[in-house]
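Architecture at a glance
Residue strings, one per chain:
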Amino acid sequence: MKFLDEAKVYVRSGDGGPGCVSFRREKFIEFGGPNGGDGGRGGDVWVECVQGLNTLIDYRYQQHFKARKGEHGMGSNCHGAKGDDAVLKVPAGTQIFLEDGETLIADLTEVGQRIRLAKGGNGGFGNAYFATSTNRAPRHANPGQEGQEMWLWLRLKLIADAGLIGLPNAGKSTFLASVTAAKPKIADYPFTTLHPGLGVVRSDAREFVLADIPGLIEGAHEGVGLGDKFLAHVERCRVLLHLVEGTSEHAGKAYKLVRGEIEAYGHGLSDKPEIVALSKADALDPDTLKQQVARLKRATKRTPLVLSSATRQGVPEALRAIQAAIEVGAEEEKEAAEPAPAWQP
């Protein structure tokens, strides 16, 4: 399945049905009077967060969504039926913006959330509605109100507890494949990962979701390489695991390059907790490993983890560090969500 994280769609709610002009005409009933029913209300357009979806690929092949119009009113005071609604089903983590791409309408983060995007038009009144003591036989009815229409942007941001960042060929996909059941493409050339991937990690009887995004290179915030558009998928993560390739020319410079791109991207990503690890330790001799660790330590001002996804060296320690940072982030979010105690004199 092709990964699609952005789509533009057109939505239109249904028009209301027109009212009916009708009179009761029966034998032996001299003054039957008006009996035209009201028109039905047009259908609404809804967006619903459902389970089982992880991409917006459905909206590549269908961009127009229109709710049904309300039915006409009829005689004998019969009101028209309401038009059927149109429902857009999206995965968790989808944001909905107006056509300008900046005005946020909704952020769907939990399965079951349902938001009305466009309200259907009201049905028109039939002539029975307009009967008064002085106008016993009105001969007019209202047309139904028009529905609402608009263009919208759907943008998907993957919901994961932790995210993998680093240069191309830093070992992110190999790490994801070694700790989860995900099967990302792995090869010995840059930009093997072209689309974000997710996997569920089980560590010490606990689980968390890990996201892998394509590698960053210098100038990514200006669109170089695959750019930084995939960084949006780690905005919701509580912690970042920054993998620095041990076989690179200078581990410290490689780290600073990626950090520079993250800071240029903004959106609070540079403020997230970060765990730094030197990857591919199995491919280094002891002297080179010691030198690269020292370079990375000077660049990060902390002692990095040393791991190898191939031999599992340092992998359990990295998973425990991620799990601990996730728990700290969850506690902070819980405290921020709790209302402050009421002041008492």
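Residue numbers here run from 1 along each chain, matching the order of that chain's written sequence. Residue-level local features of this predicted model are given only where pLDDT is at least 70; pairs of side-chain atoms are given and counted only at 80 or more, and the full residue set underlies all totals for whole chains, interfaces and linings. Computation of side-chain values: all heavy atoms of the structure, hydrogens and water removed.

**What about the sheet that holds strand β3 (residues 64-66)?**
Counted only if it meets this: Any two strands are treated as partners once DSSP identifies two or more bridges connecting them. Only DSSP runs of H or I with at least four residues qualify as helices, and only runs of E with at least two residues qualify as strands; both kinds are numbered from the N terminus onward. Angles shown run from 0 to 180 degrees and are taken between the N-to-C directions of axes, each axis being a line fitted to C-alpha atoms and, for helices, limited to the stretch in contact.
Strand order in this open sheet of 5 strands is β3-β1-β8-β5-β6, and the pairing throughout is mixed. Strand pairing shows two members of the sheet lacking a second neighbour, β3 and β6 (104-108), which therefore form its edges. Pairwise comparison of adjacent strand axes, ignoring direction, gives a mean angle of 25° for this sheet. The sheet contact formed by strand β5 (residues 94-98) and strand β8 (residues 149-156) spans 5 bridges and is antiparallel. Counted as the bridge partner of Phe97 is Trp153 from β8.

**Here's the deal with the environment of Lys297**
Note the threshold: Note on definitions: a residue-residue contact is assigned when non-hydrogen atoms from the two residues lie within 4.5 Å.
Following the sequence through the fold, Lys297 ends up in helix α4 (residues 286-300). Taking the C-alpha atoms as reference points, Lys297 and Ala251, separated by 46 residues in sequence, lie 9.2 Å from one another. Residues in contact with Lys297, not counting those within four places in the same chain, are Arg302, Thr303 and Pro304.

**Overview of helix α3 (residues 251-265)**
Short version of the rule: To estimate how far a helix should extend, the number of its residues minus one is multiplied by 1.5 Å.
Compared with the 21 Å implied by 1.5 Å per residue over 15 residues, the 22 Å span of α3 between its first and last C-alpha is a close match. Buried residues in α3 make contact with β9 (162-165), β12 (239-245), β13 (274-279) and α4. Backbone geometry just after α3 places Gly266 at a positive phi near 80°.

Keep in mind these values describe shape, not function.
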